[in-house]
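Chain by chain, the residues:
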Amino acid sequence: MSDNSSTIYRSRDLYLFVTSRFIATLAIQVQSVAIGWQIYDMERTPLALGLVGLCQFLPMFLLTLPAGDITDRFNQRRVYSLAAALQAGCSALFLGLSIFLPHTAWPFYAVLVLFGAARGFAGPSGGSLLPFLVPPERLTKSLAFSSSVFTAAVISGPALGGFLYVLGPSHVYSICIAGFVGAALIVSRLGGRRFTPEATEASRYERVAEGVRFVRSRPVVLGAISLDLFAVLLGGATALLPVYARDILHVGPQGLGILRSAPAVGSFTSAFLLTHRPIRRHVGAKMFAVVALFGAATIVFGLSTNFYLSLAALFALGSTDMVSVFVRSSLIQLSTPDAMRGRVSAVNMLFIGASNELGEFESGLTAAWFGTVPAVVLGGLGTLAVVALWMKLFPPLRKVDRFSDVTVPV
């Protein structure tokens, strides 16, 4: 493929894309604060918070891989826009439930299942879109820029959600509806490079399996994805923040919003630094190091009973996680050919995105069994154990020096 970047790539497309991502992420974060507080207020058990994650994980688990195949065969922009529109519909349902059934939890869980299905389609389509909007030589910096905007939304979203919740959940869900609709409209206007899939007689199952085989055949990609999978799965301290805010730190919904924002402040700080001083050498070793620090920060947060120490631990948790996300995303995007981007993005989404929700369920379940503090500490210790094991299982990932070592031609 020969591209004339002056006519195919438009600078505004990158900014439109990150704007849509900011708006959609802001809506997700604002909504998550309201859902977590409402359901915990109804049920008063950590297991109820775990079920919030499980209800989203199940449809994401079932739909993400087929969504990746659909993304590779159709226009990613259209798939993402439809998924964002469905998310807006879910926010509208939450608004209705908050007005008419504010004290009944199960309808909220039912809508969370639908919301998880929408995220199952939004993940692969949105995650595979950026390489088609910027020239290959700008991809790494564009990923860092996109990550910094994403984390800005994660910073402001929970705090905004916490303060808006004081006015009532209806205000929260109304903003979320507008955010998802705005994101859908923006993405539908994106230009950039278009990929035309080759004609194939392979079945949908065979195409999905091809994406899984591609990931399995690349130890660097498989190691990076699976390392983050277990780190997120075991280190899901943020799922239990409503418990810490209400029962351990006693800071209320406003404090919950600040706690939810602390990891994102750390993430934004790392993303900002990565944009100006990107990682150039010892990429694999640095990824293992920051995931180990992520586990250590989780342990400190789990043991803390001081609000400010908890904020510092969450800041460190988010900062190290962002470096890991940046390295993983760069390795995946740079080593994946155009024809596989949707399916590989789906596998990544399944491992990482869905594992966030499964991690919430795991955290809620272990907290119900062992108590909140032991559950968080055990998760941090488990993350450290995974880092040690993965360094032995995936030596090619540990030995990656430069991003250019894994880059495939466009």
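Residues numbered from 1 in each chain as written. Predicted model: local features only at pLDDT ≥ 70, side-chain atom pairs only at ≥ 80, totals over all residues. Heavy atoms only, no water.

Trainee: So what exactly am I meant to see when it comes to the overall build of the protein chain here?
Mentor: When you go through the protein chain residue by residue, the secondary structure sums to 16 helices and zero strands. At 20 Å, the protein chain has a C-alpha radius of gyration in line with the 22 Å of a compact globule built from 410 residues. Principal-axis analysis of the C-alpha atoms gives the protein chain an extent of 60 × 45 × 40 Å. Taking all contacts inside the protein chain whose residues are at least 6 apart in sequence as the whole, residues at least 24 apart take part in 88%. Total accessible area on the protein chain is roughly 16700 Å²; 66% of this is exposed by carbon and sulfur atoms. In the protein chain, which carries 31 positive and 20 negative side-chain charges, the distance between the mean positions of the two groups comes to 6 Å. (Helix = DSSP H or I, 4+ residues; strand = E, 2+ residues; numbered from the N terminus. Rg over C-alpha atoms; globule rule 2.2 N^0.38 Å. Contact = heavy atoms within 4.5 Å. Areas by Shrake-Rupley, 256 points an atom, 1.4 Å probe, with all protein chains shown as cover. Lys, Arg positive; Asp, Glu negative; His and termini not counted. Charge placed at Lys NZ, Arg CZ, Asp CG, Glu CD.)

Trainee: In this structure, what is going on with the state of the cysteines? I would like to understand it.
Mentor: Here a disulfide denotes one covalent bond, and it connects the sulfur atoms of two cysteines. Counted by the stated rule, this structure contains zero disulfides. The thiol of cysteine 55 is not disulfide-bonded; the next cysteine sulfur, from cysteine 90, is found 12 Å away. Cysteine 90 supplies the cysteine sulfur nearest to cysteine 176, a cysteine that is in no disulfide, at a spacing of 11 Å. (Disulfide = S-S within 2.5 Å.)

Trainee: Would you mind going over the packing of helix 2 (residues 11–43) against helix 10 (residues 241–248) with me for this structure?
Mentor: Any two packed helices are characterised by the angle at which their axes cross and by the distance between the axes. Packing of helix 2 against helix 10 brings their axes to within 10 Å, and their N-to-C directions diverge by 55°. Classified by the angle between their axes, helix 2 and helix 10 sit oblique to one another. The handedness of the crossing between helix 2 and helix 10 is right-handed. Between helix 2, through Trp37, Tyr40 and Asp41, and helix 10, the contact on the second element is made entirely by Pro242, Val243, Arg246 and Asp247. (Axes fitted to C-alpha atoms, helices over the stretch in contact; angles between N-to-C directions. Parallel < 35°, antiparallel > 145°, perpendicular 65-115°, else oblique. Left-handed = near helix turned anticlockwise from the far one by under 90°.)

Trainee: How should I be thinking about helix 10 in this particular structure?
Mentor: Think of an α-helix as 3.6 residues a turn; residues three or four steps apart then line up on the same face. Of the positions making up helix 10, those classed as buried are Leu241, Pro242, Val243, Tyr244 and Ala245. The inward-facing, buried residues of helix 10 abut helix 2, helix 3 (46–73), helix 11 (252–276), helix 12 (283–303), helix 13 (307–334) and helix 15 (372–393). Two residues or fewer after helix 10 comes histidine 250, characterised by a positive phi angle close to 55°. (Buried < 20%, exposed > 50% of the residue type's maximum accessible area, 1.4 Å probe, protein only.)

Trainee: What should I look at first to understand helix 13 in this one?
Mentor: Compared with the 40 Å implied by 1.5 Å per residue over 28 residues, the 40 Å span of helix 13 between its first and last C-alpha is a close match. With 22 of 28 residues buried, helix 13 is to be regarded as a mostly interior element. Residue asparagine 306 occupies the N-cap position of helix 13, its side-chain oxygen lying 2.9 Å from the main-chain nitrogen of tyrosine 308. (Expected span 1.5 Å × (residues − 1). Polar contact = N/O pair within 3.5 Å; in protein donor to acceptor, adjacent residues only side chain to side chain.)

Trainee: Which parts of the structure should I look at to understand a nonpolar patch on the surface?
Mentor: Among the surface-exposed residues, Trp369, Phe370, Leu378, Leu381 and Leu384 lie close enough to one another that they form a single nonpolar patch of about 550 Å² accessible area. Secondary-structure elements contributing two or more residues to the nonpolar patch are helix 14 (341–370) and helix 15. Structurally, leucine 384 is set in helix 15. (Patch = residues over 30% accessible without salt bridge, like charges linked within 9 Å, V, L, I, M, F, W, Y side chains within 5 Å. Salt bridge = Lys/Arg side-chain N within 4 Å of Asp/Glu carboxyl O.)

Trainee: What is the right way to look at the side chain of glutamine 333 in this model?
Mentor: Here glutamine 333 lies in helix 13. Residue class for glutamine 333 comes out buried when judged on its relative accessible area of 12%. Ignoring any residue separated from it by four or fewer positions in sequence, one finds glutamine 333 in contact with Gly127, Pro131, Leu139, Leu143 and Arg341.

Trainee: Teacher, can you tell me more about the packing of aromatic side chains here?
Mentor: In this description, an aromatic ring pair is defined by two values, namely the gap between the centres and the angle between the planes. If you walk through the whole model with that rule in mind, you get 10 aromatic pairs. Seen from their ring centres, phenylalanine 57 and phenylalanine 61 are 5.5 Å apart, and the 35° between their planes marks the pair as tilted. Taken together, the residues phenylalanine 57 and phenylalanine 61, both in helix 3 and four residues apart, mark about one turn of the helix. For phenylalanine 57, a relative accessible area of 10% corresponds to the buried category. Take phenylalanine 61: its relative accessible area is 43%, and that puts it in the partly exposed class. (Phe/Tyr/Trp six-rings, centres within 6.5 Å; stacked < 30°, edge-to-face > 60°.)

Trainee: How should the packing of helix 4 (residues 76–100) against helix 7 (residues 169–187) be read in this particular structure?
Mentor: Two elements in contact, helix 4 and helix 7, have axes separated by 8 Å at closest approach and are oriented at 170°. With respect to their mutual orientation, helix 4 and helix 7 come out roughly antiparallel. When the axes of helix 4 and helix 7 are compared, the crossing they make is left-handed. Here the residues of the contact of helix 4 with helix 7 are counted per class, giving 17 nonpolar, six polar and one charged. (Nonpolar A, V, L, I, M, F, W, Y, C, P; charged D, E, K, R; others polar.)

Trainee: How should empty space enclosed by the protein be read in this particular structure?
Mentor: Unoccupied space between atoms shows up once a probe the size of one water molecule is rolled over them. Here the structure, examined in full by the defined rule, presents three cavities of 30 Å³ or more. Taken as a whole, the second largest cavity holds about 40 Å³ of empty space. Those elements that place two or more of their residues in the lining of the second largest cavity are helix 9 (219–234), helix 12 and helix 13. Here the lining of the second largest cavity is built from residues that sort into five nonpolar, two polar and two charged. (1 Å grid on protein atoms, 1.4 Å probe; cavity = no way out; pocket = protein on both sides within 12 Å on 5 of 7 lines; lining within 4 Å. Points joined across faces, edges and corners; volume = space filled by probe spheres on them.)

Trainee: What is the right way to look at the confidence of the model for the protein chain in this model?
Mentor: For any part of a model where pLDDT is low, the fine detail of the predicted coordinates should not be relied upon. For the protein chain, the mean per-residue pLDDT works out to 83, and 91% of the residues sit at or above 70. Predicted confidence in the protein chain is weakest over helix 1 (residues 5–8), with a mean pLDDT of 50, and strongest over helix 4, with 93. Confidence over residues 1–7 falls short of pLDDT 50; this stretch has five contacts with residues more than four positions distant or in other chains. (pLDDT = per-residue confidence, 0-100.)

Trainee: Can you walk me through the environment of valine 111 in this structure?
Mentor: Structurally, valine 111 is set in helix 5 (residues 106–127). Judged by its relative accessible area of 8%, valine 111 is buried. Taking C-alpha positions, valine 111 is 8.7 Å from cysteine 55, a pair spaced 56 residues apart along the chain.

Trainee: Please explain the environment of alanine 153 as it appears in this structure.
Mentor: Position of alanine 153 relative to the elements: it lies in helix 6 (residues 139–167). Judged by relative accessible area, alanine 153 falls into the buried class, the value being 0%. Sequence separation of alanine 153 and serine 261 is 108 residues, and the distance between their C-alpha atoms is 9.3 Å.

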